[in-house]
Amino acid sequence: MKNSTTDLPFLVVNDDPTIQRLFRKKLERYGAESVRAWTGGKAIYKAKSHDFSAAFLDLVLPDMNGIELYEKLLETESHYKLPVVFIADTGSRDELAVFNRLETEKAVSVISRSALSSGSDRIIPELMLASKN
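If you're wondering where the values come from, they're calculated on a predicted model, not measured in any experiment.

Q: Outline helix α3 (residues 66–76), listing residues and values.
A: For an α-helix the count is 3.6 residues per turn, leaving residues at separations of three or four pointing the same way. Here α3 has its buried residues at Gly66, Ile67, Leu69, Tyr70 and Leu73. Projected onto a plane normal to the axis of α3, the buried residues spread over an arc of 160° and lie on a single side.

Q: With reference to specific residues and values, describe the pairing of strand β3 (residues 55–58).
A: Both faces of β3 are covered, namely the face carrying Ala55 and Leu57 and the face carrying Phe56 and Asp58. In terms of strand pairing, β3 meets strand β4 (residues 84–88) through four bridges, oriented parallel. Residue pairing in the sheet places Asp58 in a bridge with Ile87 of β4. The parallel pair β3 and β4 is bridged by α3, and the resulting crossover is right-handed.

Q: Kindly report on the pattern of salt bridges, identifying the contributing residues and their values.
A: Once their charged atoms are close, side chains differing in charge can pair, the charge on each being opposite to the other. Here the structure, examined in full by the defined rule, presents one salt bridge. In this structure, the salt-bridge partner of Glu28 is Arg24, at a minimum N-O distance of 3.6 Å. One end of the pair, Glu28, and the other, Arg24, are both in helix α1 (residues 17–29), four residues apart, so they sit about a helical turn from each other. Residue Arg24 is classed as partly exposed on the basis of its relative accessible area of 25%.

Q: Which residues make up the environment of Tyr80, and what values go with them?
A: Structurally, Tyr80 is set in the loop between α3 and β4. Take Tyr80: its relative accessible area is 22%, and that puts it in the partly exposed class. With 29 residues separating them along the chain, Tyr80 and Asp51 place their C-alpha atoms 8.5 Å apart. Apart from the residues lying within four places of it in its own chain, the contact partners of Tyr80 are Asp51 and Phe52.

Calculation criteria
- Residues numbered from 1 in each chain as written.
- Predicted model: local features only at pLDDT ≥ 70, side-chain atom pairs only at ≥ 80, totals over all residues.
- Heavy atoms only, no water.
- Buried < 20%, exposed > 50% of the residue type's maximum accessible area, 1.4 Å probe, protein only.
- Helix = DSSP H or I, 4+ residues; strand = E, 2+ residues; numbered from the N terminus.
- Arc of directions from axis to C-beta.
- Pairing = 2+ DSSP bridges.
- Right-handed = clockwise from strand over helix to strand, strands pointing away.
- Salt bridge = Lys/Arg side-chain N within 4 Å of Asp/Glu carboxyl O.
- Contact = heavy atoms within 4.5 Å.

This is how it looks when you write it as structure tokens:
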């Protein structure tokens, strides 16, 4: 059953437990809930029963890359506009390849692990405000 409230949870998809905890704490600080997944497959499964304020997605996951997950989420969540922010947490060659493709599509935002860790998390309240409009 889809959530029909205006205060929807955020989807956080990352295979790094430190990143998961960091997002949970930051979202809780703003009074927001999170639905977390460690893989793209789990994220798709959870998206079938939830709507989200926004999704924070890892660029490289064990079972698929960020572009594949992004495209599958857009299909699953096609009944509304889902803001997506990618998490660049390692700066690996794989992440850069995914980021370069997404940048040309101008489809999403990207936040680095260091910005998130340092407290530069203005994107969370901005997304919360945008989802209420």
